[in-house]
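Chain by chain, the residues run as shown.
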There are 2 protein chains.
Amino acid sequence: MKLEQATIKDIARELNLSASTVSRALKNYPGINSETKRKVKAMAEKLNYRPNAIALSLRHSRSFTIGVIIPEVVHFFFSTVISGIEEEAFSRGYNVILTQTNEKLIREKSSINTMLSNQIDGVLISYSKETTDFEHFSNLIDKGFPIVFFDRVPEIPKAITVTVDDFGGAFEATKHLVEQGYRNIVHLAGPPNLKISRERSEGYQAALRESGITPDPAMIVPCPLGTNAEAQQVVSKLLHTLKKKPDAFFAHNDMSAVGAMMACKEAGLQVPSEVGIVGFSNWQFCSMVDPTLSSVYQPGFEMGVKSTQLLLDWIEKKFDPEKSEISSVLVTELITRQSSVR
Amino acid sequence: MKLEQATIKDIARELNLSASTVSRALKNYPGINSETKRKVKAMAEKLNYRPNAIALSLRHSRSFTIGVIIPEVVHFFFSTVISGIEEEAFSRGYNVILTQTNEKLIREKSSINTMLSNQIDGVLISYSKETTDFEHFSNLIDKGFPIVFFDRVPEIPKAITVTVDDFGGAFEATKHLVEQGYRNIVHLAGPPNLKISRERSEGYQAALRESGITPDPAMIVPCPLGTNAEAQQVVSKLLHTLKKKPDAFFAHNDMSAVGAMMACKEAGLQVPSEVGIVGFSNWQFCSMVDPTLSSVYQPGFEMGVKSTQLLLDWIEKKFDPEKSEISSVLVTELITRQSSVR
DNA sequence: TTGTAAGCGTTATCAC
DNA sequence: GTGATAACGCTTACAA
């Protein structure tokens, strides 16, 4: 059962007018009899007329719809970004069509194709962990199609990107641990093919160096899944195997940090007195665990808003990506809680 | 800069054919010269032809797009549901357009209008906390427009709904607390205008009665915001004011449960030996807090999948809501962890 | 001030 | 086997 939508033609027929007059009346064109205008609007109201956005899209070759492609919806940080995207798009009269890739490259590609078929005006992308080749993006960029990358951004020419200052955040977190007197700081690192992981790792190392500590490769431990179970297991093992006994953990995400915390508790180590822990992202649960978890806040909502602003400005030709290369970097903020302060 | 999309006309021009022939060739219609077909497909490939979904929508009055309206994206449960919706829709060739209402009725209404303008084929809705009048829904239902409600469902005639067994989940949780020997069980209740809140409250009361305990209105405490801060404050106060000292909390959501846990710790009460706590939803952090939090698991992903199945079956006329009234109730599962087992 | 006609991309219908 | 035409709903030169 379809919804019987009244069209301009219906209004025209009822009032013995032409479709063009109705169209003009509805849009307050100059040079329309005000009585006609009144009648048209009244009839539109009566018939519950609603413009057909599909017809408008076809006419204007503009859909007022943007696409969003993310790895996962069920992810606190990404959901925050989506929220920002949705707010900004809504307030500027755009629709958002959303797909998740589940970290699969093939879904990423097919999503882009579907969206292009649907004539989206532009797209926001955070790519999957499987993506190592960026040709499907550069093709679009080369054709001048509006595309903005956020958080997970490719290192390709002319890409417009929005990220947080991962390096700076990691630097600050590590520095903080040093200041609290921790010396043997382990880094639980993310998947190395993501730039964000590398930035965080480098920020950590830079902070150590600046503090006169030489980074030890053995202290950089991969936790590519980023789950608390993984980190717990990894850290439990570490506590036995490492020569230099670690007295702090800087994790690339909050779940790993919690995993580390659980492993320490299990091993009978006091947090923060014996071991300091700092996470990254400042997820909701940071203030709910015991001890509460210090973490680097990433402005997800702002990232969504900023990315969308850039994209829509581009679409609406308010800025020209050819002339103004933009990579926007949002500042992070270290939130210190119990887990790292002694 | 628009993407120069090749159209059927372009292919036709290149090959000196008519648009209709090209269209037929591309769709493998019978009665087309196989050589022509080959040439057309080759040219389509060469020009990187992609069918214009907008034109198809206009032609067929079908957009292959469904709308999703939820209160908040940044909400673990809802994001899980979205994930299920997205998966099912994607696998059946539909797009998902998403809006969040931020719990505002006015946004709910305007979102529906925008989506209708965009000729969505159907819509999935979980309504806002502000929504108390359901006329904007019944209007659509009366016109036979495909609409499926999930989680927060209105009690109006002919509404197709998908919920979890909130009553049953609450019943089981409360029963479990009783079995663990807790007697003065407080319920931290959700906003009463949501049916889910009432169901959970009633499940709690029914379980008490079945255990020979008369529910005490003073032991049902509103926590309408559902934040841990709110619950912590409420519970701290409770511990002093209630005549019958509470020895357990069944919260309508997990954040309230954590708030209660924090308040108890603060008051020097041991969990679970002195106070038992059970939450609702089984959010990620349940296994991360200390002690780990027992909670009622709600199948969010399945809810998304089920709702979408119903909606798409309706759209594709695989079931007739006039004949088969469907309210689908998914089972919950109590996950017992440390906070309630002694 | 209003009407006519063409066109956005596609396909169903009817010709040839 | 293939082509011409009309139609989906709307806007916009151009004409009246």
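About the thresholds
- Residues numbered from 1 in each chain as written.
- Chains lettered and ligands numbered in written order.
- Predicted model: local features only at pLDDT ≥ 70, side-chain atom pairs only at ≥ 80, totals over all residues.
- Heavy atoms only, no water.
- Buried < 20%, exposed > 50% of the residue type's maximum accessible area, 1.4 Å probe, protein only.
- Helix = DSSP H or I, 4+ residues; strand = E, 2+ residues; numbered from the N terminus.
- Pairing = 2+ DSSP bridges.
- Right-handed = clockwise from strand over helix to strand, strands pointing away.
- Axes fitted to C-alpha atoms, helices over the stretch in contact; angles between N-to-C directions.
- Near = heavy atom within 4 Å.
- Polar contact = N/O pair within 3.5 Å; in protein donor to acceptor, adjacent residues only side chain to side chain.
- Core = buried A, V, L, I, M, F, W, Y, C linked by side-chain atoms within 4.5 Å.
- Contact = heavy atoms within 4.5 Å.
- Parallel < 35°, antiparallel > 145°, perpendicular 65-115°, else oblique.
- Left-handed = near helix turned anticlockwise from the far one by under 90°.
- Nonpolar A, V, L, I, M, F, W, Y, C, P; charged D, E, K, R; others polar.
- Least-squares fit on C-alpha atoms with pLDDT ≥ 70 in both.
- Expected span 1.5 Å × (residues − 1).
- Arc of directions from axis to C-beta.
- Domains from an automatic or database assignment.
- Phe/Tyr/Trp six-rings, centres within 6.5 Å; stacked < 30°, edge-to-face > 60°.

## Remarks on the pairing of strand S2 (residues 95–100) of chain A
Residues and elements named next belong to chain A.
Argument step 1. Where burial is concerned, most of S2 is hidden: 6 out of the 6 residues are buried.
Argument step 2. Of the two faces of S2, the one holding Asn95, Ile97 and Thr99 and the one holding Val96, Leu98 and Gln100 are both buried throughout.
Argument step 3. In this sheet, S2 lies alongside strand S1 (residues 65–70) in parallel orientation, the contact comprising 6 bridges. Looking at S2, one finds that Ile66 is bridged to Val96.
Argument step 4. Chirality of the crossover, the property in question, places the unit of S1, helix H5 (residues 76–91) and S2 among those that are right-handed.

## Some points on the sheet that holds strand S9 (residues 276–281) of chain B
Residue and element names in this part refer to chain B.
Argument step 1. Spatially, 6 strands are ordered S7-S6-S8-S9-S10-S12 in an open sheet, and the strand pairing comes out mixed. For this open sheet the edge positions go to strand S7 (220–222) and strand S12 (333–335), each flanked by a neighbour on one side alone. Neighbour to neighbour, the strand axes of the sheet diverge by 20° on average, direction disregarded.
Argument step 2. Pairing between strand S8 (residues 248–251) and S9: 3 bridges, direction parallel. Bridge pairing in S9 links Phe250 to Val278.

## Digging into the environment of Asp142 of chain A
Argument step 1. With respect to the helices and strands, Asp142 of chain A occurs in helix H7 (residues 135–142).
Argument step 2. The sequence separation of Asp142 of chain A and Ala159 of chain A amounts to 17 residues, and the corresponding C-alpha distance is 9.9 Å.

## A closer look at the protein's contact with DNA strand C
Argument step 1. Inspection of the region around DNA strand C gives 26 residues, with Ser20, Thr21, Arg24 and Thr36 of chain A together with Tyr49 of chain B positioned closest.
Argument step 2. Among all atoms of DNA strand C positioned within 4 Å of the protein, those belonging to sugar or phosphate total 65%.
Argument step 3. Measuring from a phosphate oxygen of DNA strand C, one finds a backbone N or O atom of Ile8 of chain B at 2.7 Å.
Argument step 4. Between a phosphate oxygen of DNA strand C and a side-chain N or O atom of Tyr49 of chain B, the distance comes to 2.6 Å.
Argument step 5. Looking at the surface near DNA strand C, the elements with two or more residues in it are helix H2 (19–26) and helix H4 (53–60) of chain A together with helix H1 (8–15), helix H2 (19–26) and helix H4 (53–60) of chain B.

## Focus: the nonpolar core
Argument step 1. Among the nonpolar cores identified, the biggest contains 186 residues, and Ile66, Leu188 and Phe249 of chain A together with Ile66, Leu188 and Phe249 of chain B are the most heavily contacted of them.
Argument step 2. Residue contacts for Phe249 of chain A: discarding those within four places in its chain leaves Leu177, Val186, Leu188, Val235, Leu238, Leu239, Ala260, Cys264, Val275, Gly276, Ile277 and Val278 of chain A.

## Quick word on the sheet that holds strand S9 (residues 276–281) of chain A
All names here are of chain A.
Argument step 1. Read from one edge of the open sheet, 6 strands run S7-S6-S8-S9-S10-S12, paired in mixed fashion. The open sheet has two free edges, formed respectively by strand S7 (220–222) and strand S12 (333–335), since each of these has just one partner strand. The average angle at which neighbouring strand axes cross in this sheet is 20°, direction not considered.
Argument step 2. Relative to S7, strand S6 (residues 185–189) runs parallel, the two being bridged by 3 bridges. Across the sheet, Leu188 pairs through a bridge with Val221, a residue of S7.
Argument step 3. Lying on the sheet, helix H8 (residues 166–179) is in contact with S6, strand S8 (248–251), S9, strand S10 (294–297) and S12; it crosses S9 at an angle near 165°.

## Focus on the packing of H8 of chain A against helix H9 (residues 195–210) of chain A
All names here are of chain A.
Argument step 1. Running from N to C, H8 and H9 point in directions that differ by 40°, and their axes come no closer than 7 Å. With respect to H9, the element H8 is oriented oblique. Note that H8 runs across H9; the crossing there is right-handed. Mapping the contact onto sequence places Asp166, Phe167, Ala170, Phe171, Thr174, Lys175 and Val178 in H8 and Ile196, Glu199, Arg200, Glu202, Gly203, Tyr204, Ala206, Ala207, Leu208 and Glu210 in H9.
Argument step 2. In terms of residue class, the contact of H8 with H9 is made up of 9 nonpolar, 2 polar and 6 charged.

## Examining the protein's contact with DNA strand D
Argument step 1. Close to DNA strand D lie 27 residues, the nearest being Ile8, Tyr49 and Arg59 of chain A together with Thr21 and Arg24 of chain B.
Argument step 2. Counted by atom, the contact set of DNA strand D within 4 Å of the protein is 66% sugar and phosphate.
Argument step 3. A distance of 3.5 Å separates a base nitrogen of DNA strand D from a polar atom in the side chain of Arg24 of chain A.
Argument step 4. Here a base oxygen of DNA strand D sits 3.5 Å away from a polar atom, N or O, in the main chain of Arg59 of chain B.
Argument step 5. Top element by residues in the surface near DNA strand D is H4 of chain A. It accounts for 4 residues.
Argument step 6. Looking at the surface near DNA strand D, its residues break down into 9 nonpolar, 12 polar and 6 charged.

## Here we look at the relation of the copies chain B and chain A
Here the second copy of the chain follows from the first by a rotation about an axis and a shift along it.
Argument step 1. The transformation that overlays chain B on chain A combines an axial shift of 0.1 Å with a rotation of 180°, and the residual RMSD is 0.2 Å. Here the symmetry operator amounts to a two-fold rotation axis.
Argument step 2. Of the interface residues in chain B, 100% have counterparts in chain A that sit at the interface too, so the contact is made through matching surfaces.

## Some details on helix H12 (residues 300–315) of chain B
All names here are of chain B.
Argument step 1. For H12, which comprises 16 residues, the first-to-last C-alpha distance of 22 Å matches the rise-based estimate of 22 Å (1.5 Å per residue) to within 8%.
Argument step 2. All of the buried residues in H12 are Gly300, Met303, Gly304, Val305, Ser307, Thr308, Leu310, Leu311, Leu312, Trp314 and Ile315.
Argument step 3. The inward-facing, buried residues of H12 contact strand S1 (65–70), helix H5 (76–91), strand S3 (122–125), strand S4 (147–150), strand S5 (160–164) and strand S11 (327–330).

## With respect to the side chain of Arg200 of chain A
Residue and element names in this part refer to chain A.
Argument step 1. You can see Arg200 is positioned in helix H9.
Argument step 2. Given the relative accessible area of 5%, Arg200 is considered buried.
Argument step 3. A polar side-chain atom of Arg200 sits 2.8 Å from a polar atom in the side chain of Asp166.

## Here we look at H7 of chain A
Residue and element names in this part refer to chain A.
Argument step 1. Looking at H7, one finds that the buried residues are His136, Phe137, Leu140 and Ile141. In an axial view of H7, the angular spread of the buried residues amounts to 135°, which keeps them on one side of the axis.
Argument step 2. If you follow the buried residues of H7, they end up packed against helix H6 (105–117), strand S3 (122–125) and strand S4 (147–150).

## A short note on the domain arrangement of chain A
Argument step 1. Its domain assignment divides chain A into domain 1 (8–50), domain 2 (59–163 + 300–328) and domain 3 (166–298).
Argument step 2. The straight-line distance from the C-alpha centre of domain 1 of chain A to that of domain 2 of chain A is 38 Å.

## Some points on the packing of H6 of chain A against H7 of chain A
Residue and element names in this part refer to chain A.
Argument step 1. Interaxial distance between H6 and H7 falls to 11 Å at its minimum, and their mutual angle equals 25°. If you check the angle between H6 and H7, you find them roughly parallel. In this structure, H6 contributes Leu105, Glu108, Lys109, Ile112 and Leu116 to the contact, and H7 contributes His136, Phe137 and Leu140.
Argument step 2. Within the contact of H6 with H7, the residues separate by chemical class into 5 nonpolar, 1 polar and 2 charged.

## A look at the packing of aromatic side chains
Argument step 1. Inspection of every chain in the model, using the stated rule, returns 22 aromatic pairs over all chains.
Argument step 2. A centroid spacing of 6.3 Å and a plane angle of 55° characterise the contact between Phe250 of chain B and Phe280 of chain B, whose relative ring orientation is tilted. Of the two residues, Phe250 of chain B is situated in strand S8 and Phe280 of chain B in strand S9; the sequence distance between them amounts to 30 residues. Just as Phe250 of chain B is buried, Phe280 of chain B falls in that class too.
Argument step 3. Between the aromatic rings of Trp314 of chain B and Phe319 of chain B, the centroid separation amounts to 6.3 Å while the plane-to-plane angle is 55°, which identifies the pairing as tilted.
Argument step 4. Judged by relative accessible area, which is 9%, Trp314 of chain B ranks as buried.
Argument step 5. One aromatic cluster in this structure is built from Tyr127, Phe134, Phe137 and Phe149 of chain A.

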